[in-house]
Amino acid sequence: MTDTAALLERLQLLEDRLRLVEDTQAIHAVLTAYGPAVDAGDADAVGELWTQDAVYDVDVRVMEGRDAIMEMVRTRPHQDYIEGGCGHLLDPVHIRVDGDTAVATCHSLLLRRDAGSDSFRVWRVSANRFELVRAGGRWRIRRRTSRLLDGRTEARDLLARAAR
Amino acid sequence: MTDTAALLERLQLLEDRLRLVEDTQAIHAVLTAYGPAVDAGDADAVGELWTQDAVYDVDVRVMEGRDAIMEMVRTRPHQDYIEGGCGHLLDPVHIRVDGDTAVATCHSLLLRRDAGSDSFRVWRVSANRFELVRAGGRWRIRRRTSRLLDGRTEARDLLARAAR
Amino acid sequence: MTDTAALLERLQLLEDRLRLVEDTQAIHAVLTAYGPAVDAGDADAVGELWTQDAVYDVDVRVMEGRDAIMEMVRTRPHQDYIEGGCGHLLDPVHIRVDGDTAVATCHSLLLRRDAGSDSFRVWRVSANRFELVRAGGRWRIRRRTSRLLDGRTEARDLLARAAR
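Note that the coordinates shown come from a computational prediction; the quantities given were computed from them, not determined experimentally.

Cut-offs applied
- Residues numbered from 1 in each chain as written.
- Chains lettered and ligands numbered in written order.
- Predicted model: local features only at pLDDT ≥ 70, side-chain atom pairs only at ≥ 80, totals over all residues.
- Heavy atoms only, no water.
- Contact = heavy atoms within 4.5 Å.
- Buried area = accessible area lost by both parts, 1.4 Å probe.
- Salt bridge = Lys/Arg side-chain N within 4 Å of Asp/Glu carboxyl O.
- Polar contact = N/O pair within 3.5 Å; in protein donor to acceptor, adjacent residues only side chain to side chain.
- Helix = DSSP H or I, 4+ residues; strand = E, 2+ residues; numbered from the N terminus.
- Nonpolar A, V, L, I, M, F, W, Y, C, P; charged D, E, K, R; others polar.
- Least-squares fit on C-alpha atoms with pLDDT ≥ 70 in both.
- Buried < 20%, exposed > 50% of the residue type's maximum accessible area, 1.4 Å probe, protein only.
- Pairing = 2+ DSSP bridges.

A short note on the interface of chain C and chain B
So, point 1. Taken together, the contact pairs 31 residues of chain C with 40 residues of chain B.
So, point 2. Taking both partners together, chain C and chain B bury about 2900 Å²; carbon and sulfur atoms supply 63% of that area.
So, point 3. Its largest share of buried area at the contact with chain B, chain C owes to C:Arg10, C:Pro92 and C:Arg156, together 21% of the area lost on that side.
So, point 4. Counting every contact that joins chain C to chain B gives three salt bridges.
So, point 5. Between B:Glu22 and C:Arg17 there is a salt bridge, with the nearest N and O atoms lying 2.8 Å from each other.
So, point 6. Across the chain C-chain B interface, the total number found is eleven residue pairs in polar contact (both at pLDDT 80 or more).
So, point 7. Those elements that provide at least two residues to the side of chain C that touches chain B are α1 (3–40), β5 (101–113), β6 (120–135) and α5 (153–160) of chain C.
So, point 8. Looking at the side of chain C that touches chain B element by element, the count peaks at nine residues for α1(C).
So, point 9. Grouping the constituent residues of the side of chain C that touches chain B by class yields 17 nonpolar, six polar and eight charged.

Some details on the relation of the copies chain C and chain B
Between the two copies of this chain, the relationship is a rotation about some axis together with a displacement along it.
So, point 1. Taken as rigid bodies, chain C and chain B are interconverted by a rotation of 120° and an axial shift of 0.0 Å, the fit giving an RMSD of 0.0 Å. What the rotation and shift describe, once combined, is the action of a three-fold rotation axis.

Re the environment of B:His78
Residues and elements named next belong to chain B.
So, point 1. Looking at the element boundaries, His78 is found in helix α4 (residues 78–84).
So, point 2. The class of His78 is buried, set by a relative accessible area of 4%.
So, point 3. With 64 residues separating them in the primary sequence, His78 and Arg142 have C-alpha atoms 21 Å apart.
So, point 4. Once residues lying within four places of it in the same chain are set aside, the contact partners of His78 are Val38, Met72, Val73 and His88.

Details of the interface of chain B and chain A
So, point 1. On the chain A side, the residues contacting the 31 residues of chain B number 40 residues.
So, point 2. Interface of chain B and chain A: buried area, both sides summed, is about 2900 Å²; carbon and sulfur atoms make up 62% of it.
So, point 3. There are three salt bridges connecting chain B and chain A.
So, point 4. We note a salt bridge from A:Asp118 to B:Arg121, for which the minimum N-O separation is 3.0 Å.
So, point 5. Those elements that place two or more of their residues in the side of chain B that touches chain A are α1 (3–40), β5 (101–113), β6 (120–135) and α5 (153–160) of chain B.
So, point 6. Looking at the side of chain B that touches chain A, the element that brings in the most residues is α1(B), giving nine residues.

Quick look at the pairing of strand β4 (residues 94–98) of chain B
All names here are of chain B.
So, point 1. As paired strands, β4 and β5 are joined by five bridges and run antiparallel to one another. Within β5, the residue paired with His94 across the bridge is Thr105.
So, point 2. The turn joining β4 and β5, which pair antiparallel and follow one another in sequence, is formed by two residues; a positive phi near 65° is taken by Gly99.

Some words on α5(C)
So, point 1. Of the positions making up α5(C), those classed as buried are C:Ala155, C:Leu158, C:Leu159 and C:Ala160.
So, point 2. Buried residues along α5(C) sit in contact with α1 of chain B together with β5, β6 and β7 (138–148) of chain C.

Topic: the pairing of strand β7 (residues 138–148) of chain A
All names here are of chain A.
So, point 1. For β7, the tally of buried residues reaches eight of eleven residues, placing the bulk of the element in the interior.
So, point 2. Here five bridges tie strand β1 (residues 50–58) to β7, and the two strands are oriented parallel to one another. The residue of β7 that forms the bridge with Val58 is Ser146.
So, point 3. Sheet analysis places strand β6 (residues 120–135) next to β7, joined by ten bridges and oriented antiparallel. Bridged to Ser126 within β7 is Leu148.
So, point 4. Connecting the antiparallel pair β6 and β7 is a turn made up of two residues, with Gly136 showing a positive phi of about 60°.

Dropping the structure here:
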């Protein structure tokens, strides 16, 4: 191999590796934008993070399509949570990128101000699986599945899939 | 364009992209150093993370200048929290870098050991906005604004700004 | 220096910087795989994250070797926590890489479903120090030390070491 060919190969490899690193950071930015947007009650900012045909499957309800997810932000009970004081938090996210798709796994917390005390209560602790897709040059959530960690097998199965 | 010019352009682009990725990691390292330092009661380590003229605006008080922030670590009520058992935690941080400044948004938790039980209580859940600056080759916090998520508009507004 | 030598030097520098960024992401991926695996009760997935001779030193017990850590996942009381509903969470991790070793510092939470209520309680809030090593081309945990944040000096000392 000539020197130039070897050099171009190193350059190409660097570009490929850097793209993977950037993808991981970009996905992290999408996922960490969700909590602030949903606690702000900013339906437009929430909507931006999902594909048009996204599905958000929480155990208690399934939202189909970006519009349904935005509608959830604008309405009750979500607006009640915000007014009473709430925080939607994640813990550090495990991200696996595979070309133009990615899977992210983590826990989520829904904390709510406890009326009549000066503290918050931990209302929901859930297992989460996000399936993301690169579309139009940016990453968006195509599916989020959340299951309450109350001992049910489904939540455990969801978490076990992170390692595979 | 000659081959060499094209190659130098690719190299320059790689360097610029990598710098942005490194900046994001460096800012993450500054923000994740805060919790351990403040729960250790290590005022010097806390001070290192802020600019000399930094402002830390929590709803219940405003600290102006690095010295005031370090003084907070050394005194009550902070020392009482540490002795009773406490944890200052963040959730995953949304980071936007713009040249030599950056904005980071996340939730924070202040957990305190509940005397008389074997558990902790979630005492404060707050919205946080960090404004950072690159100075002397490293990132430091120039301003942190925290607002309790108890339903107040101010906390929601702060979170909404993450998306913009 | 010839043009080629200068160019090769830039390329080498890029490769070195990128490797550090990738190492930080890879370590983050190892640490964020732990919580999902342990809450799934997946002893094999948990075991993969540790070196064969790893030590997991929690205040209430010390596990020596990967097999002992996997045994913990398979047995009580851990299996009881899972069945009753639990979440093992971290907060964002401070990572320092030094060649083929690394130190990671963060808080951890053990949340448990509160029988007889519709909420969870914050059972343990701990200070954590992970010592990792690159072996066989991947990062693994060689030692994890956890100390309950109940005011004890040991937990504070562990956190203070993050900054050094």
